[in-house]
Amino acid sequence: MYTEPQVVTVGTVGGGYAAYLHGNGYAKVSGVTVRLKGVCDIDAAKAEAVRDAYGYEYACSEFDELLADADIDVIDIVTPPFLHISMVKKALQAGKHVICEKPLTGYFGAPGEQNVGATPKSLMYKQVMAELDDLRQVIASSGKKFLFAENFVYATPVQKAAEIVRAKKSKILFLKGEESLKGSSSPVAGKWNCSGGGTLSRTGCHPLGGMLWLKQQEAAARGERITIRSVVADIGVATACLNEDEHRHIAARPEDVEDFGVCTVTFSDGTKSVTMATDTVLGGTKNYIEVYCNDAALICNITPTDILNTYFLDQRDLDDVYIAEMLPAKLGWNKAFVNDEIIRGYVGEMQDFVETIAYDREPTSGFELAYQVTQVLHAAYVSAEEGRRVEL
């Protein structure tokens, strides 16, 4: 029997890069009608550009205008991390479901605090965990959905790996994941008070989130309870040794954050995961998760892939052709992104989120995963600063 499709109405706050990633995902959602109602940014031109690109009904510069719009079901938060917690709470209290980009939160310093990165990481950890525990209560009392926009969970190779692990009931013994690139395009990525950390939290949260989720899938399939036992980490500023000329190809400009991080998680079953993240890798973004089980090895290559290799002697007529992220030029051989919004998980992410809202079910990536990722990252900062294993 035919039924009218469900409609989910979206209001987006933030007009930067992530708004386009989410917009590309919404464009391919099927089975549920997505109505893009309003987009907001303090820079009106950015909001208008997103509106024009994806067909939002209006653009505005006041967050409260989205919250007051009775048509909007869900607020999609793609702002810098220091705004996340306050916006999440306001949206929930306004009766909206919430999609929140990663990382969920961090320590951003007290008002007027300078050189936030020098703050003792144990103090950061304590404050962030208190914020997370408070947010859990706000979410529970709101009766609304919290949807954690961790696209690595929805990346097609990771989803397939999870299907295999569930089917075979494999024991995952070791996971290794990485997101590395030449630095962020964000002008505030080098400032702890805006980003809440450096490359380990800004990009390392992706493979970390994907690996923690895969361990959850293993535990559910095997009827086990697997928790995080401890965290060991090392961070640093690898680019500090470069003079200005040597630095010309690296976009990372850390002020009080790290541009290199590695974090080892030990799970309650004794198995391990290693997360790597650096702002020192040229040649585009490097995204993968490797899964080593008792009866399988699964290599999830997210970017780059070998679907299409391109070779150009010049860049004529290619100004409007997207080849790959973080490439300074299109000359020579490159591994082009094909169906990037699908492979990297943005379509699957948005499909899951709108279905979660339309059919009142739990999301694949929700608050508990966001909580775990944030806790591990801040335990990692404590470990790196104090030179010890942090038990959770």
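As shown above, the structure is provided for reference.
What comes next is a walk through the structure.

Before going further, it helps to spend a moment on the layout of surface pockets. Its boundaries defined by the atoms lining it, the largest pocket holds a volume of some 1,300 Å³. Lining the largest pocket are 47 residues; nearest its centre among them are Gly16, Tyr17, Ala18, Val78 and Ser186. The leading source of residues in the lining of the largest pocket is helix α1 (residues 17-26), at four residues. The residue inventory of the lining of the largest pocket, partitioned by class, reads 22 nonpolar, 15 polar and ten charged. Empty space within the second largest pocket amounts to approximately 230 Å³.

A few words on a nonpolar patch on the surface. A contiguous nonpolar patch, built from Tyr311, Leu313 and Trp333 and spanning about 440 Å² of accessible area, is present on the exposed surface. Residue position: Tyr311 is located in strand β13 (residues 308-312).

Applying the stated criterion to the full structure yields 32 salt bridges. Arg202 is the salt-bridge partner of Asp279, the closest N and O atoms lying 2.6 Å from each other. With Asp279 in the loop between β10 (272-278) and β11 (286-293) and Arg202 in helix α9 (residues 199-202), the pair connects residues that are 77 residues apart, well separated along the chain. Across the pair, exposure class does not vary: Asp279 and Arg202 are buried alike. Between Lys215 and Asp269 there is a salt bridge, with the nearest N and O atoms lying 3.0 Å from each other. With Lys215 in helix α10 (residues 205-222) and Asp269 in the loop between β9 (260-267) and β10, the pair connects residues that are 54 residues apart, well separated along the chain. Within the structure, one salt-bridge network assembled from shared partners comprises Lys171, Lys215, Glu218, Arg222, Glu224 and Asp269.

Okay, the side chain of Thr119 next. Within the secondary structure, Thr119 sits in the loop between β5 (97-101) and α5 (121-142). Residue class for Thr119 comes out buried when judged on its relative accessible area of 7%. Of note is the side chain of Thr119, whose polar atom sits 2.4 Å from the side chain of Glu113. In contact with Thr119, not counting residues within four places along its chain, are Tyr107, Glu113, Met124 and Glu385.

To continue, consider the sheet that holds β5. What the six strands build is an open sheet, ordered β3-β2-β1-β4-β5-β6; its pairing is parallel. In this open sheet, the two edge strands, each paired with only one partner strand, are β3 (58-60) and β6 (146-149). The mean angle between the axes of side-by-side strands here comes to 25°, regardless of whether they run parallel or antiparallel. As paired elements, strand β4 (residues 74-77) and β5 share four bridges and run parallel to each other. Residue pairing in the sheet places Ile77 in a bridge with Cys100 of β5.

The subject of this paragraph is the packing of aromatic side chains. Scanning all chains against the criterion turns up nine aromatic pairs. Among the aromatic side chains, those forming a connected cluster through ring pairs are Phe146, Phe367 and Tyr371. Looking at Lys121, its charged tip hangs above the ring of Trp192, at a distance of 5.1 Å from the centre. Directly above the aromatic system of Phe267 lies the positively charged group of Lys215, at a separation of 5.2 Å from the ring centroid.

This paragraph deals with empty space enclosed by the protein. Enumeration according to the criterion identifies two cavities of 30 Å³ or more in this entry. What the largest cavity holds in volume is close to 50 Å³. Every residue along the wall of the largest cavity is listed here: Leu212, Lys215, Gln216, Ile226, Thr227, Ile228, Phe267 and Gln372. The element best represented in the lining of the largest cavity is α10, accounting for three residues. Reported here for the second largest cavity is a volume of approximately 40 Å³. Around the second largest cavity, the lining residues are Ile302, Thr303, Thr305, Phe337, Val338, Asp340, Ile343 and Arg344. Sorting the residues of the lining of the second largest cavity by element identifies β12 (297-303) and α11 (340-343) as the ones contributing at least two each.

Reading the values: the criteria
Residues numbered from 1 in each chain as written. Predicted model: local features only at pLDDT ≥ 70, side-chain atom pairs only at ≥ 80, totals over all residues. Heavy atoms only, no water. 1 Å grid on protein atoms, 1.4 Å probe; cavity = no way out; pocket = protein on both sides within 12 Å on 5 of 7 lines; lining within 4 Å. Points joined across faces, edges and corners; volume = space filled by probe spheres on them. Helix = DSSP H or I, 4+ residues; strand = E, 2+ residues; numbered from the N terminus. Nonpolar A, V, L, I, M, F, W, Y, C, P; charged D, E, K, R; others polar. Patch = residues over 30% accessible without salt bridge, like charges linked within 9 Å, V, L, I, M, F, W, Y side chains within 5 Å. Areas by Shrake-Rupley, 256 points an atom, 1.4 Å probe, with all protein chains shown as cover. Salt bridge = Lys/Arg side-chain N within 4 Å of Asp/Glu carboxyl O. Buried < 20%, exposed > 50% of the residue type's maximum accessible area, 1.4 Å probe, protein only. Polar contact = N/O pair within 3.5 Å; in protein donor to acceptor, adjacent residues only side chain to side chain. Contact = heavy atoms within 4.5 Å. Pairing = 2+ DSSP bridges. Axes fitted to C-alpha atoms, helices over the stretch in contact; angles between N-to-C directions. Phe/Tyr/Trp six-rings, centres within 6.5 Å; stacked < 30°, edge-to-face > 60°. Lys NZ or Arg CZ within 6 Å of the ring centre and 35° of its normal.

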